[in-house]
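Listed here are the chains, written in short residue letters.
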Amino acid sequence: MASTLTIKDLHVAIEDKEILKGVNLEIKGGEIHAIMGPNGTGKSTLSSAIMGHPKYEVTSGSITLDEEDVLEMEVDERARAGLFLAMQYPSEINGVTNSDFLRTSINARREEGQEITLMKFIRELDKTMELLEMDLDMAQRYLNEGFSGGEKKRNEILQLMMLKPKIAILDEVDSGLDIDALKIVSKGINEMRSSDFGCLIITHYQRLLNYITPDYVHVMMQGRIVKSGGPELAQRLESEGYDWIKAELGIEDETVGQEA
Ligand SMILES: Nc1ncnc2c1ncn2[C@@H]1O[C@H](COP(=O)(O)OP(=O)(O)O)[C@@H](O)[C@H]1O
Ligand SMILES: [Mg+2]
């Protein structure tokens, strides 16, 4: 069944500094949304708040997945409810192989007695790694350890495809990718497209959106979504930058902060 993630008037602070100042967004199964915006405007803060990173304090507003209050859930409950985050900076975990991590994550989301069989898991893993043109040896390496930037991003898409979440947030999954890797990552995301899958793509560049056509494009500035439109909005940002939006909205050109 298609799910809907609803974010209403979300305010988020980090160490008492307000970063998000009233974000409204609704992502339904079947839809692909893109958020673009200058550095330090709160895009990663939004993704961390949705996943429940403890450092990001939701001071007001709501996040719901269908009828459920996401803010009441622990991080693992959010994952089990069907939320997924591909992090801008994926963590390395020494001692845990990629394959074990994936299988454990899949099983953690299933009822007891409904675990994926080893055979089925391996079949699916091999098939997905092949589609993403990943070296099969990477399954047995420690999670992200010594992976190149591009390999980490591809690995995030491997997790996405294996876990099959209802709603995924992909934070700069395209940064640091060469053009071939960009195409492969896009192929993986497009493969996921279905009426049961909603996706929020955070990106700096329009180029990813040449391969994945979003239904909606949003611009985030100074902790708010200040403009929404279709794919043509991303194209205009690519050619003209953000100044015209600032002018249109009368936003002062102050520095909001540095990217974390
Ligand atoms: N863990 C953190 N501790 C302190 N400040 C942070 C942290 N994470 C983000 N910030 C600050 O919050 C603001 C927004 O950051 P971020 O959400 O990463 O922006 P974006 O992803 O849009 O580039 C920045 O000013 C950044 O320095
Ligand atoms: Mg960011």
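Scroll up to find the structure this text is about.
The structure reproduced in this document is the subject of the present report. (Residues numbered from 1 in each chain as written. Chains lettered and ligands numbered in written order. Predicted model: local features only at pLDDT ≥ 70, side-chain atom pairs only at ≥ 80, totals over all residues. Heavy atoms only, no water.)

## Some words on the pairing of strand E2 (residues 17–28)
Sheet topology note: the strand E1 (residues 4–14)/E2 ladder contains 9 bridges and is antiparallel. Note that in E2 the partner of Leu 10 across the bridge is Val 23. The turn joining E1 and E2, which pair antiparallel and follow one another in sequence, is formed by 2 residues; a positive phi near 45° is taken by Glu 15. (Pairing = 2+ DSSP bridges. Helix = DSSP H or I, 4+ residues; strand = E, 2+ residues; numbered from the N terminus.)

## Side note on the environment of Ile 245
Residue placement: Ile 245 occurs in helix H8 (residues 243–249). Counting along the chain gives 209 residues from Ile 245 to Met 36, while the straight-line C-alpha distance between them is 12 Å. Residues contacting Ile 245, with those up to four places away along its chain left out, are Val 219, Met 221, Val 226, Lys 227 and Leu 237. (Contact = heavy atoms within 4.5 Å.)

## Here we look at the pattern of salt bridges
This model, assessed by the stated rule, comprises 11 salt bridges. Taking the shortest distance from any N to any O, the salt bridge between Lys 164 and Glu 124 comes out at 2.5 Å. With Lys 164 in the loop between helix H5 (149–163) and strand E9 (167–171) and Glu 124 in helix H4 (residues 118–131), this residue pair connects regions lying 40 residues apart in the sequence. For Lys 164, a relative accessible area of 46% translates into the label partly exposed. Across the salt bridge formed by Arg 193 and Asp 215, the nearest N and O atoms sit 3.5 Å from each other. One end of the pair, Arg 193, is in the loop between helix H6 (179–192) and strand E10 (198–202); the other, Asp 215, is in the loop between E10 and strand E11 (216–221), with 22 residues separating them in the sequence. Residue classification places Arg 193 among the partly exposed positions, given a relative accessible area of 31%. Overall, the relative accessible area of 35% leaves Asp 215 in the partly exposed class. The network of salt bridges with shared partners includes Lys 120, Glu 124 and Lys 164. (Salt bridge = Lys/Arg side-chain N within 4 Å of Asp/Glu carboxyl O. Buried < 20%, exposed > 50% of the residue type's maximum accessible area, 1.4 Å probe, protein only.)

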